[in-house]
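Topology and contacts: notes
If you want the building blocks of each chain, they are given just below.
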Amino acid sequence: MTLVEPKADTTRVSRVRATDVDIATTRPGTPGGTFMRQFWMALDNSTNLAPGRAKPIRIMSENYTLYRGASGKAQVIAQRCPHRGAMMHLGWVEDDDIRCVYHGWKYDCTGQCIEQPAEEAGYNRKVKIATYPTREHMGLIFAYFGEGEPPAFPPYPESAGEGLIDPWPVYQVPCNYLQCFENSMDEVHVAFAHQPGGSHVPEKILSGEINAVVDFRYSVSDKLGWWFDHHLSGLVGEEERAHFAADRSGQKFFDPSYGSCSKLVADVARERFGVELDVHADLVHWAHVIDTAGFASAQQAVELSAPALQLMTVIEAHGDDAFLAPRIARLAAGASVAELVSEPALQRLLAPLIERHKVTCDVIKARAVERDGVVLFDLAGSGDDRYNKFIPYWLYPQSRYCVAVSASRTRSKVSVGSNPWAPVPRTHNIAELCARFGGGGHAVVGAVSLKADELEKARLIAQAIVSELTVG
Ligand code: FES
């Protein structure tokens, strides 16, 4: 057999068109990466980095460490220690320097190694960690990752007037940066989908004879008949506040001092409209307990023997409109929660959920270890990535905190919580702790979410959080 190489087609001219250049990829050495590295990059809100803290960051497909020294200076350095590659954010910030957690090498904010506990004196002068120009402006931390000298700073001098830049909270969007640019520069999309008050309950949803929105953001719409909310985020922006303040219907209620909307609705019904909801007292009580996690004990939250908690369990798994609508109608007509739960159809849905819950309790019991008031367990590979958050406190009533690693097809996760019934009060802010590892939450509960293939990283973070929680 003879192979004949085809002749080149000399009639075609090969040209690189502008549309062939991949600007979505920003890794080093790519056209998009080279272009983007010419500018100061905003990394985070200044308020997200307290003095003495270090956190991992990922910019343009590369990992770094961001820390703030005791003087308040923020600095970006390499992700890993040049010695044996330990992650620098796991170390300690000392004055304006940072010390590696592994063998204690310490670097100043120029990157110069200034201490090596176990090396020959003077060897440290030969070692530097990479650093990147880092500055702050108008509540944002910026860094420069390009070659040579950075461009002039601040990057937007004309916007220095008060109120012109209002940094939003930083959150991770799981998509390429270009999609966010395209999305926010599409003025038709922004005007349509993000109209004030309209992004959560669009006007077309308010199509009933009477429209009531409960436990949800306010809608700037004349079709909104009734509104109750207790979240601080329920009223966002001047337009919403002004619309709410101008409302004369007497049917819109906003009170962030309430822990739940069920109690807010019941109190408003009695105090403003003289409607006693005694027949629904049990329902209101349990809705409030569930919304505020105000269980009498961990045992009550885990046993799920109260009819309301059984109803909650089924709603969490099957609570679509078809399930809820007829049952809400029965409750409104005076049926009790216990009557609803005793229905054979509901019991058939409940039984497998309770069985699964018991298996999860057994798995956590087998895997959890408790040390110095902190319970740690790893659910990866168990088939469970969701669990009743009170199980660890039921197993270890004396514990103060719980740290759990879980993994699903879409993510690895570190969950951190505090025991509401602990004999010794909580001393750590869990939201702040999780934020140091790229997560967030509230003072009493938080989480760090990672990619599905970052399970080992999740385990390292969990260990680091446990170390911190066992101190003090
Ligand atoms: S790995 Fe950092 S000091 Fe050894």
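Above this text you will find the structure in question.
Residues numbered from 1 in each chain as written. Predicted model: local features only at pLDDT ≥ 70, side-chain atom pairs only at ≥ 80, totals over all residues.

**Details of the packing of helix H8 (residues 307-318) against helix H11 (residues 344-367)**
- Where H8 contacts H11, the axes come no closer than 9 Å and their chain directions differ by 85°. Judged by the angle between their axes, H8 and H11 are roughly perpendicular. For the pair formed by H8 and H11, the contact residues are Gln310, Thr313, Val314, Ala317 and His318 on the first element and Leu346, Leu349, Leu350 and Leu353 on the second.
- Looking at side-chain class alone, the contact of H8 with H11 contains six nonpolar, three polar and no charged residues. (Axes fitted to C-alpha atoms, helices over the stretch in contact; angles between N-to-C directions. Helix = DSSP H or I, 4+ residues; strand = E, 2+ residues; numbered from the N terminus. Parallel < 35°, antiparallel > 145°, perpendicular 65-115°, else oblique. Contact = placed C-beta atoms within 7 Å. Nonpolar A, V, L, I, M, F, W, Y, C, P; charged D, E, K, R; others polar.)

**Focus: the nonpolar core**
- In terms of nonpolar packing, the biggest core is built from 33 residues, with Val403, Val414, Val416, Ala462 and Ile465 touching the most fellow members.
- Among the secondary structure elements, those contributing two or more residues to this core are helix H7 (298-303), strand S16 (374-378), helix H12 (391-395), strand S17 (401-407), strand S18 (411-418), helix H13 (430-435) and helix H14 (455-469).
- Counting residues in each nonpolar core, the second largest holds 27 residues, with Val76, Met88, Cys113 and Leu140 among its members. (Core = buried A, V, L, I, M, F, W, Y, C linked by C-beta atoms within 7 Å. Buried ≥ 20, exposed ≤ 12 C-beta atoms within 10 Å, placed from the backbone.)

**Points about the environment of asparagine 48**
- Inspection of the secondary structure assignment puts asparagine 48 in the loop between strand S1 (40-45) and strand S2 (54-59).
- Once the C-alpha coordinates of asparagine 48 and glycine 139 are considered, the two residues, 91 residues apart in sequence, prove to be 9.8 Å apart.

**Looking at the sheet that holds strand S5 (residues 92-94)**
- Read from one edge to the other, the open sheet built from four strands follows the order S5-S6-S7-S8, with strand pairing classed as antiparallel. Here the strands that pair on one side only, and so sit at the sheet edges, are S5 and strand S8 (113-115).
- Judged from the three bridges that link them, S5 and strand S6 (residues 97-99) form a sheet pairing that is antiparallel. The partner of tryptophan 92 across the bridge, within S6, is arginine 99. (Pairing = 2+ DSSP bridges.)

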